[in-house]
Amino acid sequence: MGYPIEKKLVVAVSSTALFDFSEEDRIFLTQGLDAFRAHQETMKDLPPNPGAAFPFIRRLLHLNRTLDGLDGNPVEVVLLSRNHPDAGLRVMNAISHYGLDITRAFFLAGEAPYPYMKSVNSVLYLSTDRLEVKEAVSKGYPAGHVLPCSVVDTDDLDDTTFRIAFDFDGVIVDDEAEEVYADGGLPLFHHYEKENRERPLNSGPLFPLLQGIATLQKMEELRLDTVNSSAKRIRVAIVTARNAPAHERLITTLKNYEIDTDELFLTGGIDKKNILDVLQPHIFFDDQLGHLEPSSDDIPCVHIPFGIRNS
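Small disclaimer: the values here were computed from a predicted structure and weren't measured.

The rules behind each value
- Residues numbered from 1 in each chain as written.
- Predicted model: local features only at pLDDT ≥ 70, side-chain atom pairs only at ≥ 80, totals over all residues.
- Heavy atoms only, no water.
- Helix = DSSP H or I, 4+ residues; strand = E, 2+ residues; numbered from the N terminus.
- Phe/Tyr/Trp six-rings, centres within 6.5 Å; stacked < 30°, edge-to-face > 60°.
- Buried < 20%, exposed > 50% of the residue type's maximum accessible area, 1.4 Å probe, protein only.
- Pairing = 2+ DSSP bridges.
- Axes fitted to C-alpha atoms, helices over the stretch in contact; angles between N-to-C directions.
- Arc of directions from axis to C-beta.
- Contact = heavy atoms within 4.5 Å.
- Polar contact = N/O pair within 3.5 Å; in protein donor to acceptor, adjacent residues only side chain to side chain.
- Core = buried A, V, L, I, M, F, W, Y, C linked by side-chain atoms within 4.5 Å.

Enquirer: Help me understand the environment of leucine 124, please; the structure alone is not making it clear to me.
Expert: Mapped onto the elements, leucine 124 comes out in strand β4 (residues 122-127). Remark: the alpha-carbon pair of leucine 124 and leucine 266, spanning 142 residues in sequence, is separated by 25 Å.

Take a look at the structure:
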């Protein structure tokens, strides 16, 4: 018997994050809904180019092959789209064209998709609609705004390693420490974090995603018999502006939640682009646009509009 969806790692994605529908969006905005639907019908057998979230989604789904031998697939991607069902035919054809194992799709004819995250147990919703994502996060849904990116045009389809990178505060954990920083700057922040170094931070919006990825890592480690095997395909990095002495509370928090990461970058304010250019993750999540925009043309980047940084 296969995995019930309640036990899977489920990620939801919009059609415009998965595929490049920028021209179709222009038609919708300038010519209206009827012209958009007619265009999609005419083009239904012509697959669009991959979108910014495509590398991440493709590798996430590939983990089902990496972790073969399990009873069913532990990973699932669900399409949540504002498209009318008629226009959705082109999307489903494109999914088939690119060999993506996505079988569940909700087409909502203009209605907000994110409330349906709960119905499929999704730990993340990726969308190119900035306002929709902000609204979703304000209502407690773990959603991310996918920034435009050109790297998908040269994505190496033979590369099956899954590299995912997270900021820490306001993404994996809540914004408690960032509120202290906002009140008193770096000296107060370092003092506060040192005083609370043995108290774990509370989970943030993408903690369930990281926790799900960590579970998949443990599955892979059991198959490889070693944590540091060269055959390891799932690699998780944290790229944070924290440095010593604020590192202790970060490590305390990860240990408390039994989360292991492969790379930890305590940048202390170094431009994160310097790290990301070398790391080359297939997706990077941060709550500050200032950390994302320098890299977003070369690295798929997702803004999490959560907490005091986005008030």
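The structure having been displayed, the exposition proceeds.
Enquirer: Help me understand the packing of aromatic side chains, please; the structure alone is not making it clear to me.
Expert: Where two aromatic rings form a pair, the distance of their centres and the angle of their planes describe that pair. A full pass over the atoms with the stated rule returns twelve aromatic pairs. Ring centres of phenylalanine 56 and phenylalanine 285 lie 6.3 Å apart, and the angle between their planes is 85°; on these two criteria the pair is classed as edge-to-face. In this pair, phenylalanine 56 is assigned in helix α4 (residues 54-66) and phenylalanine 285 in strand β9 (residues 283-286), connecting sequence segments 229 residues apart. Accessibility expressed as a relative area gives 0% for phenylalanine 56, which makes it buried. For phenylalanine 285, a relative accessible area of 0% corresponds to the buried category. One aromatic cluster is present, built from ring pairs that chain together Phe19, Phe21, Phe54 and Tyr98.

Enquirer: What is the right way to look at the sheet that holds strand β3 (residues 104-107) in this model?
Expert: Hydrogen bonds between backbone groups are what pair the strands of a sheet, and the pairing can be parallel or antiparallel. The ten strands are arranged β3-β2-β1-β4-β5-β10-β9-β6-β7-β8 in an open sheet whose pairing can be described as mixed. The open sheet has two edge strands with one neighbour each: β3 and β8 (263-266). On average, each strand axis in the sheet is inclined to that of its neighbour by 25°, with strand direction left out of account. The sheet contact formed by strand β2 (residues 75-81) and β3 spans four bridges and is parallel. Across the sheet, residue leucine 79 finds its bridge partner in β3, namely alanine 105.

Enquirer: Got a minute to help me understand helix α10 (residues 272-279) in this structure?
Expert: Every α-helix carries 3.6 residues per turn, so stepping three or four residues along brings you back to the same face. All of the buried residues in α10 are Lys272, Ile275, Leu276 and Leu279. Buried residues of α10, seen end-on, are gathered within an arc of 95° and therefore sit on one face of the element. Next to the buried residues of α10 lie β6 (162-166), β7 (234-240), β8, β9 and α11 (289-292). Where α10 begins, the side chain of aspartate 271 points an oxygen toward the backbone nitrogen of lysine 273, at a separation of 3.0 Å.

Enquirer: Can you help me understand the nonpolar core in this one?
Expert: Across soluble globular proteins, you tend to see nonpolar side chains buried next to one another. Membership of the largest hydrophobic core comes to 55 residues, with the highest contact counts inside it found for Leu209 and Phe285. In terms of residue count, helix α8 (residues 207-224) provides more of this core than any other element does, seven residues in total. Once residues lying within four places of it in the same chain are set aside, the contact partners of phenylalanine 285 are Leu124, Leu126, Ile164, Ala165, Phe166, Asp167, Val171, Leu206, Leu209, Val302 and Ile304. Counting residues in hydrophobic clusters, the runner-up holds 14 residues, among them Val10, Ala12, Val137 and Ala143.

Enquirer: When you look at helix α6 (residues 130-138) in this model, what are you seeing that I'm missing?
Expert: All buried positions along α6 are accounted for by Glu132, Val133, Ala136 and Val137. Buried residues of α6, seen end-on, are gathered within an arc of 130° and therefore sit on one face of the element. Residues Leu131 and Ser138 are exposed on α6 and point more than 90 degrees away from its buried face. Each element contacted by the buried residues of α6 is listed here: β4 and β5 (143-146). You can read the cap of α6 off the contacts: a side-chain oxygen lies 3.2 Å from the backbone nitrogen of leucine 131, and it is on aspartate 129. Phi for glycine 140, located one or two positions after α6, is positive at around 95°.

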